[in-house]
Amino acid sequence: MLLLPELYMMLLAIIFLFISIGKRKGNVVACGQLLSILGVVISLSSIFFKGELFYGAYRVDLFSQVFKVLLAAGYCLVILMLGSKDEIEHEYIAEFYMFLSFSTLGLMMLVSSVELISIVLSLEISSYSLYVILPLRRAQVQVQHEASIKYLFFGAISSGIMLYGMGYLYGICHSTFLTDIIRVLPKFLNQPIGILALVLTLTGFLFKLSLFPFHFWSPDVYEGASHSTTTFIATIPKIAAAALLIRITSMAYLAPPVLVQILMVLAALSMTFGNLVGLVQRDIKRLLAYSGIAHAGYIMMGILALSREGNLSVVYYITIYLFMNLACLYTVILLSKDGENVTLDGLIGLSKRSPLLAFTLATSAFSLAGIPPTGGFTGKLYLFISAFREGYLTIVIIGAVNTVISIFYYLNLVRMSYSKEGNSVTPLKLSGMAKIICLIFIFFILAMGVTPSSFMGLFKHMVF
Amino acid sequence: MTLGELIFIFLLFVTFCGALTTVIARSLIYALVGLVATMFGIAGLYIYLNAPFIAMMQILIYVGAVAILIVFAIMLAGPFYKKPTEWSKVTKFLVSLIIALFTYLLFMRIILHSFLGGQDTAFMITTKDIGRSLFDKLTFPFELVSLLIVVSIIGALMLAIFSKDRK
C-alpha cells in the first residue's frame with residue numbers, strides 16, 4: 001500500500017466522474033469536502049512509508065510523502081474554500097472537482113517520480129486538468145477564455161523546452177533514471193552541454209513557479225480564471241515545482257559557478273520585476289500574481305544555494321507560502337459577490353464589515369511582506385541565510401531591498417481594510433466553516449513564524 | 001561523394017525548403033505542404049541517426065495524424081489567402097534574422113565546446129529494445145500515458161459540451 005495517497009486521489013477522481021455522468025447530482029460540495037478531509041488524513045497516515053516501485057522509477061520516501069501531505073492539504077483547503085461561494089458553472093461542478101483531483105494526483109506522482117518520462121507525464125496530467133477547468137467561470141464574458149488560451153500555449157511551449165533539455169540529459173547520460181543520471185552528470189557539468197541540459201530541464205518547473213522569463217501567463221491567468229481555480233494554480237502546482245527543482249538541482253551540487261550565476265540572474269530579475277510591477281496593481285488577484293513572481297525569485301535563492309540548508313529553507317518557505325497565499329485569496333473569494341474580481345477599493349471598510357476576515361488578510365499580508373512574527377519572516381530569513389552561507393552576498397542584498405519595496409503594496413492591503421472608512425457598512429456574514437478556515441490560516445501563519453523548530457524538525461529528515 | 005551523402009544532402013535540402021515554405025507561404029495549404037515536407041525530411045534524418053523506429057513514428061504521427069488534423073481545421077475554418085504581415089517590415093525581418101543567427105551561433109558554440117561521451121560505438125537503440133523497455137523498465141510511464149489520455153479525452157469532451165451549452 002505504498003501508493004495509498006495516490007490511489008485515494010484516483011478514487012476521488014473516479015467518484016466525481018461517476019457523479020458527473022449520473023442523473024442525480026446530489027450534494028457534490030459536501031461530498032467533496034468530506035472526501036478531501038479524509039484525503040489529508042490518509043496522506044498523513046502514510047507519511048513514513050518507504051520503498052521503490054516500478055524498477056526504481058517511483059520512489060516513496062519522506063521527501064515525497066511530506067510533499068504529498070502538503071499537496072493533499074492544499075487540495076483540501078481549496079475545496080473547502082470553494083464550498084462557500086459558487087462562481088463555477090453549476091452543471092460542471094462535479095467535473096471541476098474531478099479535474100482538481102486529477103491535477104493533484106498528477107502532482108503527487110510528480111514528487112515521487114525519479115525517472116524523466118514519468119516526470120514529464122505526471123506534470124502533463126496535472127497541467128491538462130488545469131487547462132480544462134480554466135474556462136469554467138460563471139458570469140464573465142471574455143477574460144477566462146483569454147486566460148485559458150494563454151495558459152495552454154505557454155504551458156505547451158515550456159513543456160517543449162523542458163523536453164528538449166531532457167533529450168540532452170538522456171543523450172549525455174544514456175538513461176532516463178535519475179539514479180543513473182546522477183552518476184554520469186557530474187562529468188558533463190563543466191561543459192556547456194551539461195549546463196544547457198540542466199537549465200532547459202528546469203524550465204518546465206520554473207514555468208509552474210512563474211519565475212521571471214516564464215511568468216507571462218501568470219497575471220492574465222490569475223485575473224481571468226475563477227477565484228477557486230486561481231487559488232489552486234497559485235499554490236499547489238508551485239509546491240510540486242519546488243519539490244522537483246530540489247530533486248533536479250540536487251543532482252548538480254558540484255556544478256560550476258555558471259549554473260548558480262544563471263539562476264541568480266533569474267532570481268534577481270524575477271524579484272525586482274514582480275515587486276516593481278506589483279506596486280501599481282489595483283486588482284488584488286493581479287497583485288497576487290506579481291507577488292507570486294517575486295516570491296518565485298525568493299524561492300530560487302534557496303535553490304541556487306545548492307546545499308542541504310538551501311533545500312530545507314525552500315521546503316519551509318513553500319509550506320508557509322501555501323498558507324499565506326491561500327489566506328489572501330480566501331479574502332478575495334469571500335469578498336467577491338458574484339464572482340467578479342475584487343479591486344483594492346473593494347477592501348475599504350473590511351475591518352468593520354468582518355473583523356476576522358480583515359485580520360486574516362492582515363496576517364497573510366504581513367507574512368507575504370516578511371514581517372515578524374509571521375511565518376513569512378522566518379521563511380525568508382532561512383532563505384537569506386542559506387544563500388549567505390554559500391557566499392552569494394549580492395543576491396541577499398537584492399532580496400533584502402526587494403522585501404522593502406514589497407512592503408508598500410502588501411501593507412496597502414492592510415491600510416485599505418483597516419484605516420479607510422467606507423460609505424456603506426454592510427456586515428459580511430461568515431459561515432462557521434469560513435471562520436474555522438480563517439482560524440486555521442492564522443494559526444499556521446503565526447505558528448510557523450513563532451515556533452519554526454517544530455516544523456524544521458520534520459523537514460530536516462526529508463531533504464537531501 | 002557517395003550515394004549516401006547525396007541522399008543526406010537531399011534530405012537536408014527538403015527539410016530546409018519545407019521549413020522555409022511553412023513560414024513564408026501565402027496560403028495555409030502551401031504552408032501545410034511545406035510542413036509535411038519538413039516532417040518527411042526529418043524522418044529521413046532520423047534514419048541516418050540509426051533510429052528507424054522514431055523515423056516511422058515521425059511519419060505516422062506527424063504526416064499521418066497531425067497534418068490531416070491541420071487539413072481538417074483549415075477545411076472547417078475556410079482557407080485564408082492573406083499575406084503574412086510579420087515579414088512585410090524590413091526591421092522585423094532583420095530582427096528575426098539576427099535572433100536566428102545568434103541562436104545558431106550559440107548552439108554551435110555549445111556543441112563544439114562539449115565533449116560528448118567518448119565511446120567508440122554509436123549509442124543505438126533498436127525497436128526491439130524500445131518494445132522491451134516499455135514492458136519492463138518503463139512500465140510506470142507506459143501506464144501513466146493511459147491516465148494522461150483519459151484526462152485529455154474527458155477534458156476535450158467536457159469542453160465540447162460546455163461550448164455547445166454556451167451557444
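Our structure's up above, just so we're on the same page.
Just so it is clear, the model here is predicted, and its values are computed rather than measured. Residue indices begin from 1 for each chain and proceed along its sequence in written order. Chain letters and ligand numbers both follow the written order, the letters beginning at A and the numbers at 1. Since the coordinates come from a predicted model, pLDDT governs what is reported: local features require at least 70, and pairs of side-chain atoms require 80 or more to be given and counted, while whole-chain, interface and lining totals use all residues. Computation of side-chain values covers all heavy atoms of the structure but excludes hydrogens and water.

Draft legend 1. Broad picture of the overall build of chain A. Elements are defined by DSSP. Helices are runs of H or I of four residues or more, strands are runs of E of two residues or more, and each kind is numbered from the N terminus. Helix and strand content of chain A: 19 helices and 2 strands. Taken against the 2.2 N^0.38 rule, which gives 23 Å for 464 residues, the C-alpha radius of gyration of chain A at 21 Å falls within 12% of a compact globule. Taking the principal axes of the C-alpha coordinates as reference, chain A spans close to 65 × 55 × 40 Å. For every residue, the accessible area obtained with a 1.4 Å probe (protein chains only) is divided by the maximum for its type, and the residue is called buried under 20%, exposed over 50%, and partly exposed between those limits. Relative to its 464 residues, chain A shows a buried fraction of 65%. Long-range contacts, defined here as pairs at least 24 residues apart, represent 81% of the contacts in chain A between residues at least 6 apart. To measure how exposed things are, a 1.4 Å probe is used in the Shrake-Rupley method; for residues, cover is taken only from the protein chains shown. Within the structure as shown, chain A displays about 15600 Å² of accessible surface, and the carbon and sulfur contribution to it stands at 70%. For chain A, the distance from the average position of its 29 positive side-chain charges to the average position of its 21 negative side-chain charges is 6 Å. Only C-alpha atoms enter the radius of gyration, while the globule expectation follows 2.2 Å times N to the 0.38, with N the number of residues. The criterion used for residue contact is that any of the two residues' heavy atoms lie within 4.5 Å. Note that His is not counted, nor are the chain ends; the positive residues are Lys and Arg, and the negative ones are Asp and Glu. Positions of charges follow a simple convention, taking NZ of Lys, CZ of Arg, CG of Asp or CD of Glu.

Draft legend 2. Just the side chain of A:Thr201, in detail. One can find A:Thr201 in helix H8 (residues 192–209). With relative accessibility at 0%, the residue A:Thr201 sits in the buried group.

Draft legend 3. Highlighting the interface of chain B and chain A. With 32 residues of chain B in contact, the opposing surface of chain A contributes 44 residues. A simple way to read buried area is as the amount of 1.4 Å-probe accessible surface that goes missing from two parts once joined, with both sides added. The junction of chain B with chain A conceals about 3200 Å² of combined surface from both sides, 79% of it contributed by carbon and sulfur atoms. Taken as a group, B:Phe140, B:Leu148 and B:Met158 account for 20% of the area that chain B buries against chain A, more than any other trio of residues on that side. Throughout this description, the term salt bridge denotes a Lys or Arg side-chain nitrogen within 4 Å of a carboxyl oxygen of Asp or Glu. Our count for the chain B to chain A interface comes out at 0 salt bridges. Any pair of nitrogen or oxygen atoms within 3.5 Å is treated as a polar contact; in protein, a donor-acceptor pairing is required on top of that, and neighbouring residues in sequence qualify only through side-chain atoms on both sides. Our count for the chain B to chain A interface comes out at 1 residue pair in polar contact (both at pLDDT 80 or more). At the level of elements, helix H4 (90–112) and helix H6 (139–166) of chain B are the ones that each hand at least two residues to the side of chain B that touches chain A. Examining the composition of the side of chain B that touches chain A, we find that 18 residues originate from one element, H6(B), more than from any other. Residue polarity follows a fixed list, in which Ala, Val, Leu, Ile, Met, Phe, Trp, Tyr, Cys and Pro are nonpolar, Asp, Glu, Lys and Arg are charged, and the others, Gly among them, are polar. Looking at the side of chain B that touches chain A residue by residue, the class counts come to 21 nonpolar, 7 polar and 4 charged.

Draft legend 4. Broad picture of the environment of A:Lys285. All names here are of chain A. Inspection of the secondary structure assignment puts lysine 285 in helix H12 (residues 284–304). Taking relative accessible area as the criterion, lysine 285 reaches 1% and is therefore assigned buried. When residues no more than four places from it in sequence are discounted, the contact partners of lysine 285 are Arg137, Tyr222, Glu223, Ala225, Ser226, His227, Thr230, Leu329, Val332 and Asn341.

Draft legend 5. Molecular detail of the layout of surface pockets. Residues and elements named next belong to chain A. A 1.4 Å probe that fits but cannot get out identifies a cavity on a 1 Å grid over protein atoms alone, an open set with protein on both sides within 12 Å along at least five of seven lines counts as a pocket, and a residue lines either if it has an atom within 4 Å of a point. Grid points are joined across faces, edges and corners, and a volume is the space filled by probe spheres set on the points. Within this model, the second largest pocket holds a volume of roughly 420 Å³. What lines the second largest pocket is a set of 19 residues, among which Val40, Val69, Ala73, Phe323 and Phe444 lie closest to the centre. Among the elements that line the lining of the second largest pocket, the one with the most residues is helix H3 (residues 62–83), at 7 residues. Across the lining of the second largest pocket, the residue classes tally to 18 nonpolar, 1 polar and no charged.

Draft legend 6. Fine view of the packing of helix H2 (residues 28–45) of chain A against H3(A). Residues and elements named next belong to chain A. Between H2 and H3, whose axes approach to 9 Å, the crossing angle comes to 165°. Classed by the angle they form, the pair H2 and H3 counts as roughly antiparallel. Here H2 runs over H3; the crossing is left-handed. Together, Val29, Gly32, Gln33, Ser36, Ile37, Gly39, Val40, Ser43 and Leu44 of H2 and Lys68, Val69, Ala72, Ala73, Tyr75, Cys76, Ile79, Leu80 and Gly83 of H3 make up the contact between the two elements. Looking at the contact of H2 with H3 residue by residue, the class counts come to 11 nonpolar, 6 polar and 1 charged. The convention used is that axes are lines fitted to C-alpha atoms, helices contributing only their stretch in contact, and that angles between N-to-C directions extend from 0 to 180 degrees. For classification, angles of less than 35 degrees are called roughly parallel, those exceeding 145 degrees roughly antiparallel, those between 65 and 115 degrees roughly perpendicular, and all remaining angles oblique. Handedness of a crossing is defined here by the sense of rotation of the near helix relative to the far one, left-handed for an anticlockwise turn of less than a right angle and right-handed for a clockwise turn.

Draft legend 7. Structural view of helix H17 (residues 393–418) of chain A. By this rule, a helix spans an expected 1.5 Å times one less than how many residues it contains. In this model, H17(A) (26 residues) spans 37 Å end to end at C-alpha, consistent with the 38 Å of a helix rising 1.5 Å per residue. Two axes enter the bend calculation: one fitted to the seven residues ending at the residue in question, the other to the seven starting there, and the bend is the angle between them. By the largest-angle criterion, A:Ile407 marks the main kink of H17(A), which is about 30°.

Draft legend 8. Expanded view of the pattern of salt bridges. Residues and elements named next belong to chain A. Scanning all chains against the criterion turns up 8 salt bridges over all chains. Residues glutamate 223 and arginine 286 are paired through a salt bridge, measuring 2.5 Å at the closest nitrogen-oxygen approach. Here the residue glutamate 223 occupies a position in helix H9 (residues 217–224), and arginine 286 occupies one in helix H12, the gap between them amounting to 63 residues. When the shortest N-O distance is used, the salt bridge between aspartate 345 and arginine 282 registers 3.0 Å. With aspartate 345 in the loop between helix H13 (308–335) and helix H14 (350–353) and arginine 282 in the loop between helix H11 (257–278) and H12, this residue pair connects regions lying 63 residues apart in the sequence. The class for aspartate 345 is partly exposed, based on a relative accessible area of 43%. One continuous salt-bridge network, built from bridges that share partners, spans Glu146, Lys150, Asp220, Glu223 and Arg286.

Draft legend 9. Local environment of unusual backbone geometry. All names here are of chain A. Omega for the bond connecting proline 372 with proline 373 falls within 30 degrees of zero, at 10°, which places this linkage in the cis form. Here proline 373 lies in the loop between helix H15 (355–369) and helix H16 (375–389). One non-glycine residue with positive phi stands out, namely serine 210, at about 55°.

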